[in-house]
Amino acid sequence: MMNADMDAVEAENQVELEEKTRLINQVLELQHTLEDLSARVDAVKEENLKLKSENQVLGQYIENLMSASSVFQTTDTKSKRKAFEVSDSKESIFLLQDLFYGSTEEKHLY
């Protein structure tokens with residue numbers, strides 16, 4: 001009888017040990033996933049800052065081109081800025097193409 005009870009306790013301990021091992025492995029896997037996601041977020045933030053900086057440079061370049069051209073001379077600088085505040089990238093490309101090729105030519109990339 002004692003031997004059967006010891007076997008039952010040992011089997012129960014083995015099941016608990018296996019469950020603990022499984023949970024520890026699951027926690028470690030989740031930690032690695034979190035580390036990977038955190039690294040990805042950091043990389044995306046860095047890329048976002050880089051792209052914002054590039055956009056500012058391009059915006060300044062376009063503004064300088066417009067101010068150097070008599071075609072775009074205007075007394076209202078706010079309206080000039082608003083004309084080039086676009087949210088759609090296709091529209092941005094069309095506006096830039098119009099700047100370089102002239103608005104009468106059909107040289108759109110799309």
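Worth saying up front: this structure is predicted, and the values here are computed from it rather than measured.

Cut-off values and rules
- Residues numbered from 1 in each chain as written.
- Predicted model: local features only at pLDDT ≥ 70, side-chain atom pairs only at ≥ 80, totals over all residues.
- Heavy atoms only, no water.
- Helix = DSSP H or I, 4+ residues; strand = E, 2+ residues; numbered from the N terminus.
- Contact = heavy atoms within 4.5 Å.
- Areas by Shrake-Rupley, 256 points an atom, 1.4 Å probe, with all protein chains shown as cover.
- Patch = residues over 30% accessible without salt bridge, like charges linked within 9 Å, V, L, I, M, F, W, Y side chains within 5 Å.
- Salt bridge = Lys/Arg side-chain N within 4 Å of Asp/Glu carboxyl O.
- Lys, Arg positive; Asp, Glu negative; His and termini not counted.
- Charge placed at Lys NZ, Arg CZ, Asp CG, Glu CD.
- Buried < 20%, exposed > 50% of the residue type's maximum accessible area, 1.4 Å probe, protein only.
- pLDDT = per-residue confidence, 0-100.

1. Considerations on the overall build of the chain
Then, in step 1: A tally of regular secondary structure across the chain gives three helices and zero strands.
Then, in step 2: Ordered by position from N to C terminus, the α and β elements of the chain give α-α-α.
Then, in step 3: Taking the contacts inside the chain whose residues are at least 6 apart along the sequence as the reference set, 19% of them involve residues at least 24 apart.
Then, in step 4: Counting only carbon and sulfur atoms, one obtains 56% of the accessible surface of the chain, whose full area is about 9800 Å².

2. Some remarks on a negative patch on the surface
Then, in step 1: A cluster of like negative charges, contributed by D42, E46, E47 and E54, occupies part of the molecular surface.
Then, in step 2: Inspection of the secondary structure assignment puts E46 in helix α1 (residues 2–68).
Then, in step 3: For E46, a relative accessible area of 60% corresponds to the exposed category.

3. So, the pattern of salt bridges
Then, in step 1: Taken as a whole and judged by the stated rule, the model has one salt bridge.
Then, in step 2: We note a salt bridge from E19 to R22, for which the minimum N-O separation is 2.7 Å. Here E19 pairs with R22, and both are found in helix α1, just three residues apart, close to one helical turn.
Then, in step 3: Owing to a relative accessible area of 43%, R22 belongs among the partly exposed residues under this scheme.

4. Regarding the confidence of the model for the chain
Then, in step 1: In the predicted model, the chain carries a mean pLDDT of 78, and 64% of its residues have values of at least 70.
Then, in step 2: Per-residue pLDDT, averaged within each element of the chain, yields its smallest value for helix α2 (residues 77–83) (51) and its largest for α1 (92).
Then, in step 3: Low pLDDT, under 50, characterises residues 104–110; the stretch is placed with 10 contacts to residues that sit more than four places away or in other chains.

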